[in-house]
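# Observations on the three-dimensional arrangement
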Amino acid sequence: MRETLVLNASFEPLSTVSLRRAVVLVMQDKAVVEHAHPGLRIRAASVDLPVPQVIRLSRYVRVPFRQRAPWSRRGVLVRDQHRCAYCGRRATTVDHVVPRSHGGGDTWLNTVASCAEDNHRKADRTPEQAGMQLLRRPFEPTPADALLSTLGVSVREGLPEWLARPARPGAGPAAA
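Summary of the structure given here. (Residues numbered from 1 in each chain as written. Predicted model: local features only at pLDDT ≥ 70, side-chain atom pairs only at ≥ 80, totals over all residues. Heavy atoms only, no water.)

## Some words on the packing of aromatic side chains
Counted only if it meets this: Aromatic pairs are defined between Phe, Tyr and Trp rings, using the six-membered ring for Trp, whenever the two ring centres lie within 6.5 Å; interplanar angles under 30 degrees are classed as stacked, those over 60 as edge-to-face, and all others as tilted. Put simply, a charge is over a ring when the Lys NZ or the Arg CZ is close to the ring centre, within 6 Å, and near the line of the ring normal, within 35 degrees.
Using the criterion set out here, one finds zero aromatic pairs in the structure. One cation-aromatic arrangement involves Arg-79 over Phe-139; the distance from NZ or CZ to the ring centre is 5.5 Å.

Here's what the structure looks like:
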């Protein structure tokens, strides 16, 4: 099922929802379609609307500030675009740079996407001990970047111009 990006009334990314939920929000006038899949429409007896890719809530929703994106195995694979950090092939597993048995944890900076072969070859060692080199360093995505990555959109690419622009100063509850 397609995922739809939900923006706050201030154009701040909030979450993703199923296509069905996005259509319900639009039909109830709780959201408007900001960007639709080209050429796709939802049609019924009394409904004809574009298939939403991005919707914006009609009213501003106050959200507690989240400083960090929550870590997850899926998030690491998406962050690394399903590419092995050691060889560049398709990654299906997550590898701990510093193994958990050596004190490494489940964090953005200690985990990378890895193919099963390289993960097995590295085993319970650091990359240096295994004679392996990381092609790129792990990084911690911002919450907004992590959200956009789950949609398969590289940050600031493939977005409509209005969404790729940096946030306007003063955009928020007072400006909405």
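## Describing the sheet that holds strand β3 (residues 31-43)
The condition that has to hold: Pairing between strands is defined by DSSP: at least two bridges between the two strands are required. The secondary structure listing takes helices from DSSP runs of H or I that are at least 4 residues long and strands from runs of E that are at least 2 residues long, numbered from the N terminus. For helices, the fitted axis covers only the stretch in contact; all axes are lines through C-alpha atoms, and the angles between them, taken along N-to-C directions, range from 0 to 180 degrees. Whether two residues are in contact is decided by their heavy atoms: any pair within 4.5 Å suffices.
The sheet built from four strands is open, its strands ordered β2-β1-β4-β3 with mixed pairing. The two strands at the open ends of the sheet, each matched to only one other strand, are β2 (13-18) and β3. Strand after strand, the sheet turns through a mean of 35° between neighbouring axes, direction not considered. Inspection of the sheet shows β3 paired to strand β4 (residues 48-57) by eight bridges, in the antiparallel sense. Each residue of the ladder has a partner; that of Ala-36, found in β4, is Pro-52. Along the sheet, helix α1 (residues 19-27) makes contact with β1 (3-7), β2, β3 and β4, crossing β4 at roughly 90°.

## Examining the pairing of β1
Counted only if it meets this: Burial status follows relative accessibility: with a 1.4 Å probe on protein chains alone, a residue under 20% of its type maximum counts as buried, one over 50% as exposed, and anything between as partly exposed.
Among the five residues in β1, four count as buried, and that is most of the element. Of the pairings in the sheet, the one linking β1 to β2 comprises five bridges and is antiparallel in character. Across the sheet, the residue bridging to Leu-5 is Thr-16, located in β2. Both β1 and β4 contribute to a ladder of three bridges, which runs parallel. Each bridged residue has a counterpart across the sheet, and for Leu-5 the counterpart in β4 is Val-54.

## Here we look at unusual backbone geometry
Although it is not a glycine, His-82 sits at a positive phi angle of roughly 55°. The residue His-82 is located in the loop between α2 (73-79) and β5 (93-96) in this model. When its relative accessible area of 28% is taken as the criterion, His-82 is described as partly exposed. If you check the backbone angles, Ala-123 has positive phi at about 55° while not being a glycine. Among the structural elements, Ala-123 can be located in the loop between α3 (116-122) and α4 (127-130).

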